[in-house]
Amino acid sequence: MTAAAATEQTEIDAAAGTPLLTVENLRVSFGNAEVVKGISFTARPGRCLAIVGESGSGKSVTARTLVGLTGLNSAVQADRIDLAGLDLTRQSQRSWRAIRGRQIGFILQDALVSLDQLRRAGDEVAEPLAVHRWGTRASRRRKAVELLDSVGVPEPEVRARQRPYELSGGLRQRVLIASAIALDPKLIVADEPTTALDVTLQAQVLDLLAESKARGTSIILISHDLSVVARLADEVAVMRAGEVVEYGPAHRVLHLPRHEYTQALLDAIPSEHTRGIRLVRRAGESVPERVRKPIDRDRPLLQARHISKVFRGPDKVDRTVVDDVSFELFAGDTLGIVGESGSGKTTSARIALSLLAPTAGEVLLDGQPWSRLTPSQRRPLRGQIGVIYQDPLSSFDPRWPVGRILFDALSTGGRPPSSSAAARARAIRLLEQVGLGEEHLAAAPLRLSGGQRQRVSIARALAPEPSVIVCDEPVSALDVSIQAQVLDLLTDLQDELGVSYLFISHDLGVIHHMSDRILVMKDGRVVESGAADEVFERPRDPYTRRLLNALPRLAQA
Amino acid sequence: MSSVAVPPTGILARVSGLRIRVRPGTAACAAIVAVIAVAAIAPQVLTHRGPNAIDLGHTLLAPSLSHPFGTDDAGRDLYTRVIYGARESLGIGLGATGLAMSIAILLGFLAGLAGGLADVVITRILEVAFAFPVLLLALLLIAIRGPSVTTEIVAVGIGSAPGYARLVRGQVMHVRQAAYIEAAAALGHRRLTVIRRHLFPNAMRPLVAVITLGIGQSIVWASGLAFLGLGVAPPSPEWGALLDSGRLYITTSWWLEIMPGLVIVLVALSVTSLGRTLQHRLEGAAR
């Protein structure tokens, strides 16, 4: 440990009093693969330790080890795992059950999967009470309602009788939290508690955890998102490949990182500060400004005029999913559409692609009445507008290797390759454009990494040489550093080819980083639109303001 | 587009999920199926006798080295008859499954793709057909047309079609929602091209195993019908017919029932087991 790190450790110790949980030299391996390689940390009452890392860093395994649920075929070794005098390295399955829920509460990432679909919310919350023989059945039921109330569930008596599928994502996550805090454990381990949630819900859940912390609970927050961490954490441990590369007070780690990996992670976060610059940088390297192709604002390339879409549900009730939405996209331009789930972003995108006919209004592509054409008139024009999906893997035919996907896309463009040799050459050129190579031609998408798959998906979209690409949440499923690479790739391609993007995301940081102009959608309507900086710095609509306030920012640490 | 060849590579071979790593059980099943296939194509390779060579000096002999399955009441070598019967039995199995799948694909794709009224009508028809016993259907057809290989194929084929049709419809409904179907449409492919190139192969892929399972089942069905005298008539060495003709001697000459019966069971078991193996392989490959 360096001298600076040692002072820092003393600083943390002094600030926080006696540790509740001490972990020393924790090692976890599955078979021959060691996924956690000797990490140490402490958690203190009334404080939050955040363990940050990307997928595969070992952070979730660490979290599960703390509640004795490391998994099958795992081997856990540690010099010390001590929870207020209790040695957690030597617990039987039986004694773990006495610890989980009572001593340590565990909040899992995906509330829809973690909750039993057929069990009422109230029973779910009362479960730990029953397991630990707390009170009587009637008193447990009352306590469950109280707990639901305390985590801000409206109408807790009604909700307690509902089942998970009847509850929204935010409510489900609260049910999980209520059940984790039911017995008021001294330590809460939260594994990505907000990852699946919209930004306003995320803020509410983080506030709940902050309240627990204020009551003296110790929190270990596992997250890949440094801005979420900034909102809650007092200390941060940054993990990479099973090791803690940096560990210190949150404000110091997030503002004056010492390890280059932490710096790279911080740089990779898209936000208002990163507009026009690359997200992936090397230390000390100067950041070249983007050299963009000129944006021709005279004639819109893609134009939506008052489009609406009404779906009739199985209950014969009409639902307006898109309501009077208009926008224009110019050559070389990026228009961002931001909104929470259910705001109608994706439906608007599908109408723009003419994969869905609008109920009212029309879409023009390069001056042509795109949405009014017959399918056969539309087909030859499809090459002008491409699409990138959130989950690239599911957008590839599972039987096809990368090469065939690209050859197929090339054949649909305005200049289909004349021979298989020409197709091959152009496919390789496309792969090189997106940072892959000839060796990937024969690869099955299933065996590529998430970032590589999205690159293939971008290559496919580029193959017919489109002037517009609709990007539907293209980076939402990616780790922050991979997200940064893909966003950089998209901006590079725009600078090189002058292609326009209709960029859809729920992530305001990503939208601000990428877009020239922005459309904010809520419940199918456009609530605000304008130049990106204008909307973000001087939001006029109360909903936009609420979104921006809920947005976790690094500066909060 | 189809002129552009995809370079074949090792990875491709792995993707298709058909790496050859064979367990002994699977190997044994494959061997049995292979022998039966040879018997169906070229029975003279496996035996030097003729299926109808009557030898009245050697009637109803128990299994021995010279007659491994014994002989029947006309002194015909049972082993030879079983070998020669493979063509008809296997033919009925394949034919019936082929017919069933053709009907199933037609109805399943129609219902799954058209949706709306067509779907409702087809689904109702299938439900009614489903409730109708195969045996009853076979009786009806045989009453109209008289027993023959064709009747048997048609009866078993029509009888098992509704089950497959429902599977096909479900697969079509599932696959048509896949993002790659929309992605292909977004690239500007024709609807028919998308169906042919993406929907059909991906919807049928999990059904390959079901088809294999169906062949074994059809053989058993056909034998059952023949045994009841509703299939191919006795002079033919079809396996069900062998069972039927041996029925009279069951108390004295057990081999006339046991040997063909054993062959039917072994073949059905082998085909089914291979089908299961295939199913696991395919499921493993398709995430």
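Residues numbered from 1 in each chain as written. Chains lettered and ligands numbered in written order. Predicted model: local features only at pLDDT ≥ 70, side-chain atom pairs only at ≥ 80, totals over all residues.

Novice: Mind laying out the overall build of chain B, listing which residues take part and the relevant values?
Specialist: Looking only at helices and strands, chain B has 11 helices and zero strands in total. Listed N to C, the secondary structure of chain B is α-α-α-α-α-α-α-α-α-α-α in terms of helices and strands. For chain B, the spread of C-alpha atoms along the three principal axes comes to 75 × 50 × 30 Å. Relative to its full complement of 287 residues, chain B shows a buried share of 42%. Counting contacts in chain B only where the partners sit at least 6 residues apart, residues at least 24 apart contribute 67% of the total. (Helix = DSSP H or I, 4+ residues; strand = E, 2+ residues; numbered from the N terminus. Buried ≥ 20, exposed ≤ 12 C-beta atoms within 10 Å, placed from the backbone. Contact = placed C-beta atoms within 7 Å.)

Novice: I'd like a rundown of the overall build of chain A, residues and numbers included.
Specialist: Helices and strands together make up the secondary structure of chain A, namely 21 helices and 20 strands. A globule of 557 residues ought to have a C-alpha radius of gyration of about 24 Å, and chain A, at 26 Å, matches this closely. Projected onto its principal axes, the C-alpha positions of chain A cover 75 × 55 × 50 Å. Relative to its full complement of 557 residues, chain A shows a buried share of 49%. Across chain A, the fraction of contacts at a sequence separation of at least 24, relative to all contacts at a separation of at least 6, is 68%. (Rg over C-alpha atoms; globule rule 2.2 N^0.38 Å.)

Novice: How would you explain the packing of helix H15 (residues 402-411) of chain A against helix H17 (residues 450-462) of chain A if you had to name every residue and give the values?
Specialist: Residues and elements named next belong to chain A. Viewed as axis vectors pointing N to C, H15 and H17 meet at an angle of 20°, and their least axial separation amounts to 8 Å. The angle between H15 and H17 falls in the class roughly parallel. As for the relative orientation of H15 and H17, their crossing is right-handed in sense. Listed contacts from H17 to Val402, Ile405, Leu406 and Ala409 of H15 are Val456, Ala459 and Arg460. Of the residues assigned to the contact of H15 with H17, the class counts are six nonpolar, no polar and one charged. (Axes fitted to C-alpha atoms, helices over the stretch in contact; angles between N-to-C directions. Parallel < 35°, antiparallel > 145°, perpendicular 65-115°, else oblique. Left-handed = near helix turned anticlockwise from the far one by under 90°. Nonpolar A, V, L, I, M, F, W, Y, C, P; charged D, E, K, R; others polar.)

Novice: Would you mind going over the sheet that holds strand E16 (residues 385-388) of chain A in detail, with residue names and values included?
Specialist: Residues and elements named next belong to chain A. With mixed pairing, six strands are arranged side by side in an open sheet as E16-E17-E18-E14-E19-E20. The open sheet terminates on both sides in strands that have one partner only, identified here as E16 and strand E20 (525-531). Neighbouring strand axes in the sheet, compared pairwise and without regard to direction, differ in orientation by 15° on average. Where strand E19 (residues 517-522) meets E20, six bridges bridge the pair, whose relative direction is antiparallel. (Pairing = 2+ DSSP bridges.)

Novice: Just give me the short version of the domain arrangement of chain A, but keep the residues and values in it.
Specialist: As a measure of interface size, the accessible area lost when the parts come together is often cited. Residue and element names in this part refer to chain A. Its domain assignment divides chain A into domain 1 (8-103 + 186-267), domain 2 (111-184) and domain 3 (302-551). Each of domain 1 and domain 3 was reduced to a C-alpha centroid, and the two centroids are 36 Å apart. Contact with domain 1, which involves 10 residues of that partner, is made by 11 residues of domain 3. Put simply, the parts of the chain that give the side of domain 1 that touches domain 3 at least two residues each are helix H9 (199-214) and helix H12 (260-267). When residues in the side of domain 1 that touches domain 3 are grouped by element, the largest group, four residues, is from H9. (Domains from an automatic or database assignment.)

Novice: Summarise the nonpolar core; cite the residues concerned and give the values.
Specialist: Ile220 and Leu502 of chain A are the most contacted members of the largest nonpolar core, which totals 161 residues. With near-sequence residues (within four places) excluded, Leu502 of chain A lies in contact with Leu302, Leu329, Leu335, Ala349, Ala352, Val468, Val470 and Cys471 of chain A. Among the nonpolar cores identified, the runner-up in size contains 63 residues, and Val33, Val82, Val172 and Ala226 of chain B belong to it. (Core = buried A, V, L, I, M, F, W, Y, C linked by C-beta atoms within 7 Å.)

Novice: Hey, could you go over the sheet that holds strand E11 (residues 243-249) of chain A for me, with residue numbers and the actual values?
Specialist: All names here are of chain A. Read across the sheet, six strands follow the order E7-E8-E9-E3-E10-E11 without closing on themselves; strand pairing throughout is mixed. Strands with a single pairing partner mark the edges of an open sheet, and in this sheet they are strand E7 (104-107) and E11. Across this sheet, the average inter-strand angle for adjacent strands is 15°, counted without regard to direction. In the sheet, strand E3 (residues 48-52) pairs with strand E10 (residues 235-240) via four bridges, with the strands oriented parallel.

Novice: Before we move on, can you summarise the pairing of strand E9 (residues 218-223) of chain A with the specific residues and values?
Specialist: Residue and element names in this part refer to chain A. In terms of burial, E9 is a largely internal element, six of the six residues being buried. Side chains Ser218, Ile220 and Ile222 project from E9 onto one buried face, and the interleaved Ile219, Leu221 and Ser223 project onto a second face that is buried too. Examined bridge by bridge, E3 and E9 share five bridges and lie parallel to one another. Bridge pairing in E9 links Cys48 to Ile219.

Novice: Can you break down the confidence of the model for chain B residue by residue, with the values?
Specialist: Residues and elements named next belong to chain B. On average, residues of chain B carry a pLDDT of 83, and 91% of them reach 70 or more. Ranking the elements of chain B by mean pLDDT puts helix H1 (residues 10-15) last with 39 and helix H7 (residues 179-186) first with 93. Below pLDDT 50 for its whole length, residues 1-18 participates in 29 contacts with residues either more than four positions away or in separate chains. Here the predicted complex scores 0.81 on pTM and 0.79 on ipTM. (pLDDT = per-residue confidence, 0-100.)

Novice: An account of the pairing of strand E17 (residues 468-472) of chain A is requested, with residue identities and associated values reported.
Specialist: Residues and elements named next belong to chain A. Burial analysis of E17 places five of its five residues in the buried class, the great majority of the element. Side-chain alternation along E17 places Val468, Val470 and Asp472 on one buried face and Ile469 and Cys471 on a second face that is also buried. Sheet topology note: the E16/E17 ladder contains four bridges and is parallel. Paired with Gly386 across the bridge in E17 is Ile469. Bridge count between E17 and strand E18 (residues 500-505): five bridges; the pairing is parallel. Of the residues in E18, the one forming a bridge with Asp472 is Ile504. Regarding topology, helix H18 (residues 480-497) serves as the crossover connection from E17 to the parallel E18, and that connection is right-handed. (Right-handed = clockwise from strand over helix to strand, strands pointing away.)

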